[in-house]
Amino acid sequence: MIISVNGCKKKKATQPQANNPVPYIPIDFVIYPNNPTYFPIQSIGGWMYMNNVGINGIVIYRKSNEEFVVLERTSSYLPDNPYARVKVQQNNFDLKDTISGSKWRIFDGEVTEGPASWPLRRYGAAYDGNSLRIVN
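The text that follows walks through the structure, step by step, so that each part is easy to find. Here the structure is a predicted model, which is why all the values come from computation and not from measurement.

What counts and how
- Residues numbered from 1 in each chain as written.
- Predicted model: local features only at pLDDT ≥ 70, side-chain atom pairs only at ≥ 80, totals over all residues.
- Heavy atoms only, no water.
- Core = buried A, V, L, I, M, F, W, Y, C linked by side-chain atoms within 4.5 Å.
- Buried < 20%, exposed > 50% of the residue type's maximum accessible area, 1.4 Å probe, protein only.
- Helix = DSSP H or I, 4+ residues; strand = E, 2+ residues; numbered from the N terminus.
- Contact = heavy atoms within 4.5 Å.
- Salt bridge = Lys/Arg side-chain N within 4 Å of Asp/Glu carboxyl O.
- Pairing = 2+ DSSP bridges.
- Axes fitted to C-alpha atoms, helices over the stretch in contact; angles between N-to-C directions.

**A short note on the nonpolar core**
And then number 1: Counting 16 residues, the largest nonpolar core has Phe-29, Ile-31, Met-50, Ile-58, Ile-60 and Ile-134 as the members making the most contacts within it.
And then number 2: Listing elements by their share of this core, those giving two or more residues are strand E1 (28-31), strand E2 (47-50), strand E3 (58-62), strand E4 (68-72), strand E9 (122-127) and strand E10 (132-135).
And then number 3: If sequence neighbours within four positions are ignored, Ile-60 has contacts with Ile-31, Ile-41, Gly-46, Trp-47, Met-48, Met-50, Phe-68, Val-69, Val-70, Leu-132 and Ile-134.

**Some words on the pattern of salt bridges**
And then number 1: By the definition in use, this model includes two salt bridges.
And then number 2: In this structure, Arg-133 and Asp-28 form a salt bridge, with 2.6 Å as the shortest nitrogen-oxygen distance. Of this pair, Arg-133 sits in strand E10 while Asp-28 sits in strand E1, and the two are 105 residues apart along the sequence.
And then number 3: The shortest N-O distance in the salt bridge between Arg-105 and Asp-108 comes to 2.6 Å.

**What about the environment of Leu-132?**
And then number 1: Tracing the chain through its elements places Leu-132 in strand E10.
And then number 2: With a relative accessible area of 0%, Leu-132 lands in the buried category.
And then number 3: Along the chain, Leu-132 and Asn-34 lie 98 residues apart, while their C-alpha atoms are 9.9 Å from each other.
And then number 4: With sequence-adjacent residues up to four places away left out, Leu-132 is seen in contact with Phe-29, Val-30, Ile-31, Pro-33, Ile-60, Phe-68, Ala-125, Ala-126 and Tyr-127.

**Details of the pairing of E10**
And then number 1: Only one face of E10 is buried, namely the one carrying Leu-132 and Ile-134, since none of Arg-133 and Val-135 on the opposite face is buried.
And then number 2: Here four bridges tie E1 to E10, and the two strands are oriented antiparallel to one another. Residue pairing for E10: Asp-28 is matched across the bridge by Val-135.
And then number 3: As paired strands, E9 and E10 are joined by four bridges and run antiparallel to one another. Counterpart to Tyr-127 in the pairing with E10 is Leu-132.

**Overview of the sheet that holds E4**
And then number 1: The sheet built from six strands is open, its strands ordered E1-E10-E9-E4-E3-E2 with antiparallel pairing. At either end of the open sheet lies a strand with only one pairing partner, and these are E1 and E2. Strand-to-strand twist in this sheet, taken as the mean axis angle between neighbours without regard to direction, amounts to 20°.

Below is the structure:
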């Protein structure tokens, strides 16, 4: 009997996070999404910016009841330009660098429109139902 394991393989990233052109900035802090301060991320699909974290701030996106995505706002196409900060678009789905025109998906940071070819730097997010630890 032959068993196929192709469905169990993890998809290999085309460009590993370690080689991301956006500089590595250590972060490690905790927030409490149920606190009124974080109202925008209390429901699925909600997002908010946090400044003074990372390089140009971060975007926190609530992907599901249990999962958050945290992305650096520094453009992976222009990582040395402090004005190349990604912004959430009106559709609440895309992030856009208004200088290069590059776009990324909010739920995973992957490129949807160039000239960027690298995803946004993603930070770790561990949620226990009460606190959200953001770390890299």
